[in-house]
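# Commentary on secondary and tertiary structure
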There are 2 protein chains.
Amino acid sequence: MLGTRLREAVITIADLGEFGLIAAIAGRLAGSAAIVVGPGDDAAVVRSPDGRVVATTDMLIEGRHFRRDWSGPDDIGRKVAARNLADIAAMGARPTALLVAFAGPGDLEVDWVLALVDGIAAECREAGAVVAGGDTSSAGLVMLAVTGLGDLAGREPVTRGGARPGDVVAVAGRLGSAAAGLALLTAGHGIGEPGELDMLTRAHRRPQPPYSAGPQAADLGATALIDVSDGLVADLGHIGQASGVRIELASDLVGAPPVAEVSLLERAAAVLGAGPGRHGWLSWVLAGGDDHALAATFPARTPLPQPWKVIGKVTTGSGVFLDGRKWINAGGWEHFRS
Amino acid sequence: MLGTRLREAVITIADLGEFGLIAAIAGRLAGSAAIVVGPGDDAAVVRSPDGRVVATTDMLIEGRHFRRDWSGPDDIGRKVAARNLADIAAMGARPTALLVAFAGPGDLEVDWVLALVDGIAAECREAGAVVAGGDTSSAGLVMLAVTGLGDLAGREPVTRGGARPGDVVAVAGRLGSAAAGLALLTAGHGIGEPGELDMLTRAHRRPQPPYSAGPQAADLGATALIDVSDGLVADLGHIGQASGVRIELASDLVGAPPVAEVSLLERAAAVLGAGPGRHGWLSWVLAGGDDHALAATFPARTPLPQPWKVIGKVTTGSGVFLDGRKWINAGGWEHFRS
């Protein structure tokens, strides 16, 4: 046996075929009381006791939204699910189910796809949802289309358009960590990096949206609510525009724990030769996407329990301001960097 | 002016940018009483008064599911919507809303995308649904992920698994026309082809699923129901497998009007040098996909109004039989041709 290795038999999705792959995937998936008809029929049937269903869809393409050399299938699955489930929470709803359309090259290993499915299913569990159905197809690249469904349980949906002057602006979840992690990975740091910085690359690969903070915000009377995916300033800009108000942020609140993991961000900035302030690590907090925190506005004097943290206020006017200065590049991460 | 042409200013989706494109698309879309929150927020909110929602998703990729040189954007929009809406009808539900994720190359003309959206919206109207939301992204090819939602209005969903020996097998809608149209297009016939054969290529480009026959079948007591997308034999094979029964078809019922447009199919077979019978034009009817007819099983002696047409019966055993002979290549169109 010494010196001898059996060549592992790698099974590809082309070997298994469409129906074989669907059967293998379906075998990994748990049911739930919310699922009336699960995978394997023309469509799924999902309970939506409120009488209204919250629904959102995203398409994610290899090389644009994820990289197979930076993230394993489990992390990619976690991330594509998290991104979608966070959009459901950002309406004030509880996620119930995901539908996942998958396309990939025929020489992709079945085990890779099943690990992806496991990641999606695990992230669903975090949010109280399950995978209810999907579609498989072949393509030159891995492509995913994820549709999330959620139930409002009698709450009114919280849109982007209800913020009023006098409201406070608050955030639930971390900001800037995923962007710092992406910057580390882009610069060649990260995988196998010892210790704390690995938490930042991990935040990029596997965001942890505060799902329950969505329905909680609705119960607290939030006037507007959004998932921070384009970057805090850009996404608060969406609230400002939809509501016809100005958003004013204070950097000593945004750039401090628990919103910003300051000590980690400072260390990453030092490694990358970036400085402090709006052009240094604070830019990750203000303009970095992918953490999938939630941002909301609440009537002034609303007692805000954890994880909500006030970072600013709503006034009359338009635009997003930081410490009284207007943010010009309000288009999110990419615009900030240019 | 003679001999002079102003170069038309072509606006691409890269010119417009993501948010500009979303705004242009949203401007084409009608609302409906079913839509609580429409496009432009983190997620849509759609009424689902039954307390259960029917949901299905498909991914469609240029070159695999449609070709921009064979179909215009309006037809592609019609087709991707029809395919999805038919899956909702195939559970016995009424379609209420679509979510559409779109990705395409930056040099794609905005007008092409808007015509696609118009096609999707027009097909939604045929089915009583509207576009409630979506997502845009960039990619080297045009890719669409379409999610359909539907309401059961108190009906029990009709799955693939309820067929019983003694039931009759029936079809609503046309079979074989789209496959004949695809064969014509593949052989270089079709676009601009005069007269009747154009109806076949048109059936390929723009299927016309009998949406209302889905809820009608549920009301009539259908025991199983499926959208014919892989081909009649393959899809009835799914019912047979899920229900643990044998499906027996009669070629004089399947290969006759109104299920098969025989005179057109014979003409197309003549043009292409194909013969009659199971290896000629009848193969289009038995194994051709893309017409999106509905197939169902009903208890014997169920009075079946239009458009339902009996084509066979359910017996004990397994497999799909035609005139008493077992169909071997039960994998649908592609397998039949090989």
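Anything mentioned here points back to the structure above.
### Here we look at the overall build of chain A
When helices and strands are counted, chain A shows 11 helices and 13 strands. The C-alpha extent of chain A, read off along each of the three principal axes, is 70 × 50 × 30 Å. Split into buried and exposed, the 338 residues of chain A put 58% on the buried side. Counting only contacts in chain A whose residues sit at least 6 apart along the sequence, the fraction spanning at least 24 positions is 84%. Total accessible area computed for chain A in this model is approximately 13500 Å², and 51% of it derives from carbon and sulfur atoms. For chain A, the centre of its 29 positive side-chain charges and the centre of its 37 negative side-chain charges are spaced 6 Å apart.

### With respect to the packing of aromatic side chains
Tallying each qualifying case throughout the model produces 2 aromatic pairs over all chains. Ring centres of F298(B) and W308(B) lie 5.3 Å apart, and the angle between their planes is 75 degrees; on these two criteria the pair is classed as edge-to-face. Of this pair, F298(B) sits in strand β10 (residues 293–298) while W308(B) is found in strand β11 (residues 308–315), placing the two residues 10 residues apart along the sequence. The lysine or arginine in question, R67(A), covers the ring of W70(A), its NZ or CZ lying 4.0 Å from the ring centre.

### Thoughts on helix α7 (residues 232–243) of chain A
Residues and elements named next belong to chain A. With 12 residues, α7 should reach 16 Å at 1.5 Å per residue; the first-to-last C-alpha distance of 16 Å fits that figure. Of all 12 residues that make up α7, 9 are buried, and the element is covered over most of its length. Turning to α7, its buried residues are L232, V233, A234, D235, L236, H238, I239, G240 and S243. Two residues or fewer past α7, G244 is found with a positive phi of approximately 70 degrees.

### Remarks on the sheet that holds strand β1 (residues 35–37) of chain A
Read from one edge of the open sheet, 6 strands run β1(A)-β2(A)-β3(B)-β6(B)-β4(B)-β5(B), paired in mixed fashion. Lying at the two open borders of the sheet, with one neighbouring strand each, are β1 of chain A together with β5 (130–138) of chain B. Direction aside, the axes of adjacent strands within the sheet are offset by 25 degrees on average. The sheet contact formed by β1(A) and strand β2 (residues 44–47) of chain A spans 2 bridges and is antiparallel.

### Structural notes on the relation of the copies chain A and chain B
Each of the two copies of the chain can be brought onto the other by a rotation about an axis and a shift along it. Once chain A is rotated about the relating axis by 180 degrees and shifted along it by 0.0 Å, it coincides with chain B to within an RMSD of 0.0 Å. Overall, the copies show the geometry of a two-fold rotation axis. Measuring from the rotation axis to each C-alpha of chain A, the shortest distance belongs to G51(A), at 2.4 Å. Comparing contact sets, 100% of the residues at the interface of chain A also lie at the interface in chain B, consistent with an isologous, same-surface contact.

### Here we look at the pairing of strand β7 (residues 168–172) of chain A
All names here are of chain A. Counting buried residues in β7 gives 5 out of 5 residues, a clear majority hidden from the surface. Every second residue of β7 is oriented toward a common face, with V168, A170 and A172 on one face and V169 and V171 on the other, all of them buried. As paired elements, β7 and strand β10 (residues 293–298) share 5 bridges and run antiparallel to each other. Bridge pairing in β10 places V169 opposite T297. Bridge count between β7 and strand β11 (residues 308–315): 5 bridges; the pairing is antiparallel. Directly across from V171, in β11, lies its bridge partner K309.

The rules we used
- Residues numbered from 1 in each chain as written.
- Chains lettered and ligands numbered in written order.
- Predicted model: local features only at pLDDT ≥ 70, side-chain atom pairs only at ≥ 80, totals over all residues.
- Heavy atoms only, no water.
- Helix = DSSP H or I, 4+ residues; strand = E, 2+ residues; numbered from the N terminus.
- Buried < 20%, exposed > 50% of the residue type's maximum accessible area, 1.4 Å probe, protein only.
- Contact = heavy atoms within 4.5 Å.
- Areas by Shrake-Rupley, 256 points an atom, 1.4 Å probe, with all protein chains shown as cover.
- Lys, Arg positive; Asp, Glu negative; His and termini not counted.
- Charge placed at Lys NZ, Arg CZ, Asp CG, Glu CD.
- Phe/Tyr/Trp six-rings, centres within 6.5 Å; stacked < 30°, edge-to-face > 60°.
- Lys NZ or Arg CZ within 6 Å of the ring centre and 35° of its normal.
- Expected span 1.5 Å × (residues − 1).
- Pairing = 2+ DSSP bridges.
- Axes fitted to C-alpha atoms, helices over the stretch in contact; angles between N-to-C directions.
- Least-squares fit on C-alpha atoms with pLDDT ≥ 70 in both.

Any functional reading would require information beyond the geometric quantities listed.
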